[in-house]
Amino acid sequence: MRISLNWLRELVEIKLSPEELAETLTMAGFEVEEIEDRRTWANGVVVGKVLERQPHPNADKLSVCQVDIGAGETLNIVCGAANVKADIYVPVATTGTYLPNIDLKIKPAKLRGVPSQGMICSLKELGLPTDVDGIHIFTQENLPLGSDVRPLLGLDDVILDLTATANRADALSMVGVAREVAALTGRKLSIPEPGEVSIAKKAGNLTLKIADTQACPAYIGTVIEQVKIAPSPEWLQQRLRAAGVRPISNVVDITNYVLLEWGQPLHAFDCDRLKSVASSENLTIGVRFVNNGESLKTLDGQTRTLASQNLLITANEKPVALAGVMGGEETEVHEGTQSLVLEAALFDSVAIRRSSRSVGLRSEASGRYERGVNRAELEIANRRALSLISELASGILVQQEIADTRPDPSTWSRSIALRLDRVNQILGPIDLGEDTGELQEQDVERILTALGCQLTPSGEDSSHQPTWSVSVPPYRYRDLEREIDLIEEIARLYGYNRFCDTLPEKSEGGYLPLDEELIRKLRAFLRAEGLTELIHYSLVKPGEDRQIVLSNPLFVEYSALRNDLISGLVDAFQYNLEQGNGALNGFEIGQIFWREEDGFQETEALAGIIGGDRTVGKWSKSGREEPITWFEAKGILESVFRQLALEVEFQPDRRDDRLHPGRTASLWIRGNRLGIFGQLHPQLRREKGLPDSVYVFQLDLDVLLESVGQDEILVPAFQPYSTYPASDRDIAFFAPVKISVSEIQKVITKASKDLLESVELFDEYRGENVPEGQRSLAFRLVYRASDRTLTEAEVEPVHNKVREALVEKFGVNLRS
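Residue numbers restart at each chain and count upward from 1, following the sequence in its written direction. Two thresholds apply to this predicted model, a pLDDT of at least 70 for residue-level local features and 80 or more for giving and counting side-chain atom pairs, whereas whole-chain, interface and lining totals are computed over all residues. Think of the side-chain values as coming from all heavy atoms in the structure, minus any hydrogens and water.

1. Things to note about the sheet that holds strand E32 (residues 560-561)
Short version of the rule: When DSSP finds two or more bridges between a pair of strands, those strands are recorded as paired. Numbering of helices and strands runs from the N terminus, with a helix taken as a DSSP run of H or I at least four residues long and a strand as a DSSP run of E at least two residues long.
In spatial order, the strands read E30-E32-E31; together these 3 strands make up an open sheet with antiparallel pairing. Pairing within the sheet leaves two strands with one partner each, and these edge strands are strand E30 (539-540) and strand E31 (548-549). Taken together, the 2 bridges between E30 and E32 define a ladder with antiparallel strand orientation. Bridge pairing links Leu 539 to Leu 561 in E32.

What follows is the structure in structure tokens.
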């Protein structure tokens, strides 16, 4: 908002310079983006009187003028304006004057052979907007010649371009800013209190019909007759221009003036035009939401198709204005207007915001309604406008109707409990120069009283610190709601720069939590295995068991929470194939949700999908892609587990019907179920159009992190390398197919006790000479001791125990 210091000085006493005031407001949370010093625009421009005007001898469009500026000698000035003539008062830029808006310094010059000793100025050359082509002509009579023109043009002013935060709706008015300046500087306020206005008669043809009292809690309609439309007086026009508003006519300018002064939007309707739209002498002004198919031509000349969320002002049910946004062109005030209906209303901020956005139109009025207009000063702003209309437009008030559903005025304020101990706990110590201290009782009372609050002592708290009951003024009702809001105001007005900014005595470097560090390592290991990280929405289509469904979804496709990650990865794999991007190797870490009997559950999971050729290039294979095998996909997981120092056991599993029943394993760590790994079921692959070799896994991230976070894994014990040679033995046997290799390895490890260093399967065979239902397996066992070279006598008994354990446990048929 543009703040005129001349106007502000009428509302509050100001002793600060413009720069100091701007700094004070900025430090209090009102950013001053620009200081526009208008005093420099016409420095050296004085009032002059054109005594004589003659045509230029050498130019048809130029005039030679004799101008008196009260200096004892008239000036010879060449002027190119068509409206220059004798016996007029004009602004004259004397020799040596610099006009910053046109970047021109006035020097003695010759124009077509005639000397010129200055320049008669137009308003544009002085930085002021105007519709007049040519020089400016003062309408006042008997102006002192040679006097400064700046007071006459409103250029003896400084404009502050101030930006208020969204919670400070009160600061979108001159009165609100004046209250803030008074609180910051301790100076006296002089806010005008408009007196009561007299209504000529009570009876009339105007009635009100408010269909939605929540959207419009209060509406005041006043009928004014015998109005004389004319230009506003110069003082009013200057204040509007300073605020960036173009003067139009006295009535329209008054509504804009009150908007700027009190922050209360007003709108003036042409009463005769309202009756014409209503097709009746009896007017019913209504407030309702749009019915289907309605449209309105607004003051900007655009015909707008309206939606159901648009709030309307109607005349006998016919739309005449977008409530709180913009009036209608059909009922606007014009030069021939003789009677008015002045609207002063309160509208709900949410209703106006939705209405404004739906038509893509934002105005000064809607911007204020959206933030919240002060409901306690509606009548004051209305009386101010009516008194100005009576004074400047000779209007006679003949009828006023009020529809008011606001709560009782006693509820327009609220009481908030405030504790001095809490204030100092939140804000910390204050800087007292060589020492530090705390805010005192008198500091709090002084600051909040300056803001318009009323403080009532309410005793002491448990630490014997004073407490208050603080009554908030109505114009800060929306902003000050809790104790922390009052504490913020205390800090803001006391001065943020007056609080200590002492750092802690000992600063420590930051570090990641253990879980986050482990997850980052896990991501790095998976990427190193050639898997790309994927991210999906947590919202999915409904239809799964134990799924949590949203009560207010945006779309049907996103109306439930996912209960696993595998489905999303399969869809991503299918999408990549359809887009010609080939098979996908990826992983995802995310939340999954499900419903239990005792409520909703949530956990974090890690899932992946593997189906692409992992080799770096195809040139060595003549361009052919080789599908990944089950064991290669399993090896990717095992490689990650190995880097995390985890021993994970794979067990056959048939519970997930999306996976191949003979190629699926559940994963276990120390008896805790970690997750599942397997190949996609052939039926699902056919439905999705996927290749045969697609493998998926899903792990419980909490179980994984808990296992990795154990001390023996995080800080592994050092084991020295043996310098003695190993002794290896091979063992081959026929074993039933149903017995897994992991079970056999577990028995071998248990039987060989401490001498076995490693066991590895190096051959599997099924076919000729192998009994039906069995397979031939060959293992290599490596024995080693850390302190000696093992002898045959030490190795052979241990190896025989392994053979016997296999025969006893599984009934294998030894071949070696």
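2. A closer look at the packing of helix H5 (residues 234-242) against helix H6 (residues 250-262)
This is how it is decided: Note on method: axes are straight lines fitted to C-alpha atoms, helices fitted across the in-contact stretch only, with angles between N-to-C directions ranging 0 to 180 degrees. The labels follow the angle: roughly parallel below 35 degrees, roughly antiparallel above 145, roughly perpendicular from 65 to 115, and oblique for the rest. We call a crossing left-handed when the near helix sits turned anticlockwise from the far one by less than a right angle, and right-handed when that turn is clockwise. Contacts: residue pairs with any heavy atoms within 4.5 Å of one another. Residue classes follow a fixed rule: Ala, Val, Leu, Ile, Met, Phe, Trp, Tyr, Cys and Pro count as nonpolar, while Asp, Glu, Lys and Arg count as charged, and any other residue, Gly among them, counts as polar.
Packing of H5 against H6 brings their axes to within 10 Å, and their N-to-C directions diverge by 55°. Viewed along their axes, H5 and H6 adopt a mutual orientation that is oblique. In the packing of H5 onto H6, the handedness of the crossing is left-handed. When H5 is examined against H6, the residues Trp 235, Leu 236, Arg 239 and Leu 240 are found in contact with a partner set consisting of Asp 253, Ile 254, Asn 256, Tyr 257 and Leu 260. Residues belonging to the contact of H5 with H6 are distributed by class as follows: 6 nonpolar, 1 polar and 2 charged.

3. Focus on the pairing of strand E35 (residues 649-652)
Sheet topology places E35 next to strand E36 (residues 659-669); 4 bridges connect them, and they run antiparallel. Paired with Pro 652 across the bridge in E36 is Ala 665. Following E35, the chain reverses through 6 residues before pairing antiparallel with E36.

4. Considering the sheet that holds strand E40 (residues 756-765)
Taken in spatial order, the 4 strands make up an open sheet running E40-E41-E39-E42, and their pairing is antiparallel. Each of the sheet's edge strands pairs with one partner strand only, and the pair in question is E40 and strand E42 (813-814). Direction of pairing for E40 relative to strand E41 (residues 774-783): antiparallel, over a ladder of 8 bridges. Residue Tyr 765 lies in a different strand from E41, and its bridge partner there is Ser 776. Across the face of the sheet, helix H20 (residues 741-751) comes into contact with strand E39 (727-736), E40 and E41 while running at roughly 35° to E41. This element, helix H21 (residues 792-810), spans E39, E41 and E42 of the sheet and lies at about 10° to E39.

5. Some thoughts on the side chain of Gln 698
Keep this limit in mind: Under the scheme applied here, a residue whose accessible area is under 20% of the maximum for its type counts as buried, over 50% as exposed, and between as partly exposed, the area being computed with a 1.4 Å probe on protein chains only. We define a polar contact as two N or O atoms separated by no more than 3.5 Å, with the added condition that, inside protein, one atom must be a possible hydrogen donor and the other a possible acceptor, whereas residues neighbouring each other in sequence contribute only through side-chain atom pairs.
Position of Gln 698 relative to the elements: it lies in strand E38 (residues 695-700). Residue classification places Gln 698 among the buried residues on the basis of a relative accessible area of 15%. A polar contact of 2.9 Å, which involves the side chain of Gln 698, links it to the backbone nitrogen of Leu 565.

6. A look at helix H15 (residues 566-578)
The test is simple: To estimate how far a helix should reach, multiply one less than its number of residues by 1.5 Å.
Under the 1.5 Å per step criterion, the end-to-end length of H15 is 19 Å for 13 residues, consistent within 8% with the ideal 18 Å. Along H15, the residues classified as buried are Ile 566, Leu 569, Val 570, Ala 572, Phe 573 and Gln 574. Against strand E33 (586-596), strand E34 (599-610), strand E37 (672-680), helix H17 (682-688) and E38 lie the buried residues of H15. At the C-terminal side of H15, Gly 580 shows a positive phi close to 80°.

7. Quick look at the pattern of salt bridges
We apply this condition: When a carboxyl oxygen of Asp or Glu is within 4 Å of a side-chain nitrogen of Lys or Arg, the pair counts as a salt bridge.
Applying the stated criterion across every chain, the model contains 49 salt bridges. The shortest N-O distance in the salt bridge between Arg 384 and Glu 261 comes to 2.8 Å. Taken together, the residues span a long stretch of sequence, with Arg 384 in helix H10 (residues 378-392) and Glu 261 in helix H6 at a distance of 123 residues. Judged by its relative accessible area of 17%, Arg 384 falls in the buried class. Accessibility expressed as a relative area gives 1% for Glu 261, which makes it buried. A salt bridge links Arg 685 to Asp 692; the nearest nitrogen and oxygen atoms lie 2.4 Å apart. According to the relative accessible area criterion, Arg 685 is buried, its value standing at 8%. Here the salt bridges share partners, and the residues they tie into one network are Arg 168, Asp 170, Glu 180, Arg 476, Asp 479, Glu 489 and Arg 492.

8. Section: the pairing of strand E6 (residues 88-94)
Counting buried residues in E6 gives 7 out of 7 residues, a clear majority hidden from the surface. Side-chain alternation along E6 places Ile 88, Val 90, Val 92 and Thr 94 on one buried face and Tyr 89, Pro 91 and Ala 93 on a second face that is also buried. Both strand E3 (residues 45-55) and E6 contribute to a ladder of 6 bridges, which runs antiparallel. Residue pairing in the sheet places Val 46 in a bridge with Val 92 of E6.

9. Some points on the packing of H20 against H21
It is at 9 Å that the axes of H20 and H21 come closest, and there the two elements cross at 135°. By the criterion of interaxial angle, the relationship of H20 to H21 is oblique. The crossing of H20 and H21 is right-handed. Residues Glu 743, Ile 744, Val 747, Ile 748 and Ala 751 of H20 form the contact with H21, whose participating residues are Lys 801, Val 802, Ala 805, Leu 806, Lys 809 and Phe 810. The residue makeup of the contact of H20 with H21, split by class, is 8 nonpolar, no polar and 3 charged.

10. Describing unusual backbone geometry
Even without being a glycine, Arg 112 presents a positive backbone phi close to 55°. Mapped onto the fold, Arg 112 is located in the loop between strand E9 (109-111) and strand E10 (114-116). Its identity as a non-glycine residue notwithstanding, Glu 317 has a phi of 75°, on the positive side.

11. Some thoughts on the packing of aromatic side chains
Stated precisely, the cut-off is as follows: In summary, the pairing rule links any two rings of Phe, Tyr or Trp, Trp by its six-membered ring, whose centres are within 6.5 Å, and it sorts them by plane angle into stacked for under 30 degrees, edge-to-face for over 60 and tilted for everything else. Charge over a ring is defined by NZ of Lys or CZ of Arg lying within 6 Å of the ring centre and within 35 degrees of the ring normal.
According to the stated counting rule, one finds 10 aromatic pairs in the structure shown. Through a chain of ring-to-ring contacts, the aromatic side chains of Trp 630, Phe 631, Phe 677 and Tyr 695 assemble into a single cluster. Positioned above the aromatic ring of Tyr 477 is the side chain of Arg 414, whose terminal nitrogen or guanidinium carbon lies 3.9 Å from the ring centre. The ring of Tyr 494 is capped by Arg 498, whose NZ or CZ atom sits 4.0 Å from the centre of that ring.

12. Notes on the confidence of the model for the protein
The test is simple: Residue-level confidence of the predictor, termed pLDDT, takes values from 0 up to 100.
On average, residues of the protein carry a pLDDT of 90, and 98% of them reach 70 or more. Considering each helix and strand of the protein separately, the mean pLDDT is smallest for helix H19 (residues 711-714), with a value of 80, and largest for E38, with 96.

13. With respect to the environment of Leu 346
By the secondary structure assignment, Leu 346 is in strand E22 (residues 340-346). Residue classification places Leu 346 among the buried positions, given a relative accessible area of 6%. Spatially, the C-alpha atoms of Leu 346 and Pro 265 are 8.8 Å apart, while their sequence positions differ by 81 residues. When near neighbours in sequence (up to four residues on either side) are disregarded, Leu 346 contacts Ala 215, Cys 216, Pro 217, Ala 218, Gln 264, Tyr 369, Val 373, Asn 374, Arg 375, Leu 378 and Arg 406.

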